[in-house]
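# Secondary and tertiary structure notes
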Amino acid sequence: MIKRTDFPDDFLWGASTASHQVEGGTVNQWSVWELAHAADRAQTAKQRLDWMPSWPDIRHEAEDPANYVSGKAVDHYNRFEEDFDIVKVMGLNAFRFGIEWSRLQPTEGAWDVAAVQHYHDYIAALRKRGIEPILNLWHWTQPTWFTDKGGFTKRANLVHWNAFVKRVAEEYASDLRIVLTLNETNVYSTFSYLGDEWPPGHKNVREYLSVNLNLITAHKQAYRAFKAVNPDVQIGMAQNMSMDLPLTDSVLDKLTAKVAGYAWNYTVVDRVKHYCDFIGFNYYFANYWHDFKRHNPKEPLNDMGWYMEPSRVYDLIMQVHKRYGKPIYITENGVADAKDEHRQWWLEQTIEAMAKARADGADLRGYMHWSLLDNFEWAEGWWPKFGLIKVDRKNGFKRTARASAKWWAKWLRADT
Ligand code: BGC
């Protein structure tokens, strides 16, 4: 097995989170949507999810409307010091977090000074423990006053985003070395504007295209805002990327995999590459294509029914390396696994793959596991468990390390 010392000392080993999924008490377009749709989600759970092998185990939670409300989440807003102690004890040296726009600007033009101070304290608490703070500016949630104006569908609304990123840069850029602008523009625009399960639930191709174009500009605005305050800060985005492969040797399958991989992974990143100091990506899937359709193996599957092939991250790192020739960070990677049956294997496979990619020339500089804590999984709510640390929301939000976390901590600490 590869050791931590096979990686450079300054390699960042971290965990990743998103404000809405962990903080608790957020009021934004997503929290409003949750309350409006919780009953319906619970009622339709069986028809959506009973094909999954995990259904008998998750049924109880998935059919409960409370599952679909983020509420107090895992109270990370109040317990961040305790959570950073866990990060430290595990031997991690980095942490990815989000700043919640709706907290900073709950109403148009007004800044909540207590919230602004909160994130100063938050970053200082990471620094105090020697943990590198990796800020992600936007993870899908928006203040309702912004979405009431049409959110990112309207170019004119970017003036509000620009004001937000300027203020965030003025406040925090000098305390940061690494900043992610946007999380998964592809997942957001697809689920929110081509599907109807995510807010605003519009199926509208024109809006889908506008959102993508406007998010490209939003990335550039954030890049300029941060560089203006701190030219040394390294900026990238966290795009969702998959490894797309042909199921057979046929020309058609090869072409489908190529086109699907390009469209999903690179359409947006190609357009912001001159505004990226590094490429950040989130990896969860390998996809096998046959006759224009996805034909993934039936196992192994995670609790959400996603086919797991962690070692394929090697191919993806090499693809990104060859395409852009820039430093790379894996900004999310993990598995929904309530019984903790696969997480250690997933980590082992990923570590091997990363070491191999580095040996083959890729400038991979960090790995952020998704996630530190069990958290609110968007339209699926609470039943998917991605945490290294289990959280008992019914028992004082008690945090308990899963066996895989203990294994990883041992691996991380063995040579430090
Ligand atoms: C998102 C996370 C999410 C994770 C697991 C990523 O697409 O950025 O917010 O929890 O996948 O589904």
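Everything that follows concerns the structure shown earlier in this document.
Residues numbered from 1 in each chain as written. Predicted model: local features only at pLDDT ≥ 70, side-chain atom pairs only at ≥ 80, totals over all residues. Heavy atoms only, no water.

## Structural notes on the pairing of strand S4 (residues 178–183)
Within S4, six of the six residues are buried, which leaves it mostly tucked inside the rest of the structure. Sheet topology note: the strand S3 (residues 132–138)/S4 ladder contains four bridges and is parallel. Counted as the bridge partner of tryptophan 138 is leucine 182 from S4. (Buried < 20%, exposed > 50% of the residue type's maximum accessible area, 1.4 Å probe, protein only. Helix = DSSP H or I, 4+ residues; strand = E, 2+ residues; numbered from the N terminus. Pairing = 2+ DSSP bridges.)

## Side note on a nonpolar patch on the surface
A cluster of nonpolar side chains, Leu194, Val205 and Leu209, forms an exposed patch at the surface whose accessible area comes to about 260 Å². Note on placement: leucine 209 falls in helix H10 (residues 205–229). In this structure leucine 209 comes out as partly exposed when scored by relative accessible area, which is 48%. (Patch = residues over 30% accessible without salt bridge, like charges linked within 9 Å, V, L, I, M, F, W, Y side chains within 5 Å. Areas by Shrake-Rupley, 256 points an atom, 1.4 Å probe, with all protein chains shown as cover. Salt bridge = Lys/Arg side-chain N within 4 Å of Asp/Glu carboxyl O.)

## Some thoughts on unusual backbone geometry
Backbone torsion omega between proline 199 and proline 200 reads 5°, so that peptide bond is classified as cis. Inspection of the secondary structure assignment puts proline 200 in the loop between helix H9 (185–193) and H10. The amide bond that connects glutamate 299 to the next residue, proline 300, takes the cis arrangement and shows omega of 0°. Within the secondary structure layout, proline 300 lies in the loop between strand S7 (293–294) and helix H12 (313–324).

## Considerations on the packing of aromatic side chains
For the coordinates displayed, the defined rule picks out 42 aromatic pairs. Residues phenylalanine 11 and tryptophan 13 carry aromatic rings whose centres are separated by 4.7 Å and whose planes lie at 50° to one another, so their mutual orientation is tilted. As far as the burial class goes, phenylalanine 11 and tryptophan 13 line up, both buried. Note on tryptophan 140 and tryptophan 378: the rings are 4.8 Å apart at their centroids and 55° apart in plane angle, and the pair reads as tilted. Residue tryptophan 140 is located in the loop between S3 and helix H7 (144–148), and its partner tryptophan 378 is located in the loop between strand S9 (364–370) and strand S10 (389–392); the two are separated by 238 residues in the primary sequence. Taking relative accessible area as the criterion, tryptophan 378 reaches 5% and is therefore assigned buried. Taken together, Trp101, Trp138, Trp145, Phe146, Phe152, Trp161, Phe164, Tyr188 and Tyr193 form an aromatic cluster joined through their ring pairs. In this arrangement the basic side chain of arginine 103 is found over the ring face of tyrosine 77, its NZ or CZ atom lying 3.7 Å from the centre. (Phe/Tyr/Trp six-rings, centres within 6.5 Å; stacked < 30°, edge-to-face > 60°. Lys NZ or Arg CZ within 6 Å of the ring centre and 35° of its normal.)

## Overview of the pattern of salt bridges
Inspection of every chain in the model, using the stated rule, returns 25 salt bridges. Among the ionic pairs, arginine 79 bridges to aspartate 75, the shortest N-O distance being 2.8 Å. On the basis of relative accessible area, arginine 79 is assigned to the partly exposed category, the value being 23%. In this structure, the salt-bridge partner of glutamate 171 is arginine 167, at a minimum N-O distance of 3.0 Å. Remark: arginine 167 and glutamate 171 occur in helix H8 (residues 158–172); sequence separation between them is four residues, near one turn of the helix. You can call glutamate 171 partly exposed: its relative accessible area is 22%. Several salt bridges converge on common partners, so that one network encompasses Arg41, Arg48, Glu197 and Glu380.

## Some thoughts on the site of the ligand
What surrounds the ligand is a group of 13 residues, the closest being Gln21, His139, Glu184, Glu332 and Glu377. Here histidine 139 contributes a side-chain N or O atom positioned 2.8 Å from an oxygen atom of the ligand. At 2.8 Å from an oxygen atom of the ligand is found a side-chain nitrogen or oxygen belonging to glutamate 332. Isolated, the ligand exposes 310 Å² of accessible area, and the fraction of that covered by the protein chains is 95%. Of all the cavities here, the one that holds the ligand is the largest pocket. Looking at the shell around the ligand, its residues break down into six nonpolar, four polar and three charged. (Near = heavy atom within 4 Å. Polar contact = N/O pair within 3.5 Å; in protein donor to acceptor, adjacent residues only side chain to side chain. 1 Å grid on protein atoms, 1.4 Å probe; cavity = no way out; pocket = protein on both sides within 12 Å on 5 of 7 lines; lining within 4 Å. Sits in = over half its atoms within 2 Å of the grid points. Nonpolar A, V, L, I, M, F, W, Y, C, P; charged D, E, K, R; others polar.)

## Regarding the layout of surface pockets
Of the pockets and cavities examined, the largest pocket occupies roughly 1300 Å³. Lining the largest pocket are 44 residues, with Phe191, Phe285, Arg294, Met304 and Trp306 positioned closest to its centre. Counting residues per element, the lining of the largest pocket draws most heavily on strand S6 (residues 279–290), at four residues. Considering only enclosed or pocket space, the second largest pocket measures out at about 520 Å³ in volume. Lining the second largest pocket are 17 residues, and of these Glu61, Lys385, Val391, Arg393 and Lys394 sit closest to its centre. For the lining of the second largest pocket, the elements supplying multiple residues, two or more each, are helix H3 (55–62) and S10. Of all the elements, S10 adds the most residues to the lining of the second largest pocket, at three residues. Residue classes in the lining of the second largest pocket are distributed as five nonpolar, two polar and 10 charged. (Points joined across faces, edges and corners; volume = space filled by probe spheres on them.)

So yeah, pure geometry; function would need other evidence.
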